[in-house]
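What the coordinates show
Next come the chains, spelled out residue by residue.
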Amino acid sequence: MAVSDEEPVLLRRPQALDQMSVAELDVRIEQLRAEIAACEVEIERKKAQKRAADALFGGGS
């Protein structure tokens, strides 16, 4: 079954931040930065798709 764009993405919760070492926190930050970058790329891809559809079908405002 396909997941729609509107459904939230559920992520496994890590251990409490105060229980993580500095090294673990650094790794977590890098993972989050990578996820944010992937989200930003996807947002731009979706915006480009919408612009193309609007240009083709005369939509958008």
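Just above sits the structure.
A few points on the structure. From a predicted model like this one, the values you see are computed outputs, not experimental measurements.

Further remarks concern the overall build of the chain. Scanning the chain from terminus to terminus reveals one helix and zero strands. Expressed as a percentage of the 61 residues in the chain, the buried residues total 2%. As displayed, the chain offers around 5800 Å² of accessible surface, 61% of which is attributable to carbon and sulfur atoms.

Within the structure shown, the criterion is met by five salt bridges. With a shortest N-O distance of 2.4 Å, Arg45 and Glu42 are connected by a salt bridge. Of this pair, Arg45 and Glu42 are both found in helix H1 (residues 22-57), three residues apart, which corresponds to roughly one turn of the helix. The partly exposed category is assigned to Arg45, whose relative accessible area is 38%. Using a relative accessible area of 30% as the deciding quantity, one classes Glu42 as partly exposed. Between Glu44 and Lys47 there is a salt bridge; the shortest N-O distance is 3.8 Å.

A few words on H1. For H1, which comprises 36 residues, the first-to-last C-alpha distance of 52 Å matches the rise-based estimate of 52 Å (1.5 Å per residue) to within 8%. Looking one or two residues past H1, Gly58 carries a phi angle of roughly 75°, positive in sign.

Calculation criteria
- Every chain's residues receive numbers from 1 upward, in the order its sequence appears when written.
- The predicted origin of the model limits local features to residues at a pLDDT of at least 70 and limits the giving and counting of side-chain atom pairs to 80 or more, whereas totals for whole chains, interfaces and linings rest on all residues.
- Calculated side-chain values reflect all of the structure's heavy atoms, with hydrogen atoms and water omitted.
- In DSSP terms, a helix is any run of H or I states spanning at least four residues, a strand is any run of E spanning at least two, and both are numbered starting from the N terminus.
- Think of it in three bands: with a 1.4 Å probe and only protein chains considered, a residue is buried below 20% of the maximum accessible area for its type, exposed above 50%, and partly exposed in between.
- For every accessible area listed, the method is Shrake-Rupley and the probe measures 1.4 Å; residues are considered covered only by the protein chains on display.
- Should a side-chain nitrogen of Lys or Arg be within 4 Å of a carboxyl oxygen of Asp or Glu, the pair is scored as a salt bridge.
- Helices are assigned an expected span. That span is 1.5 Å times one less than the residue count.

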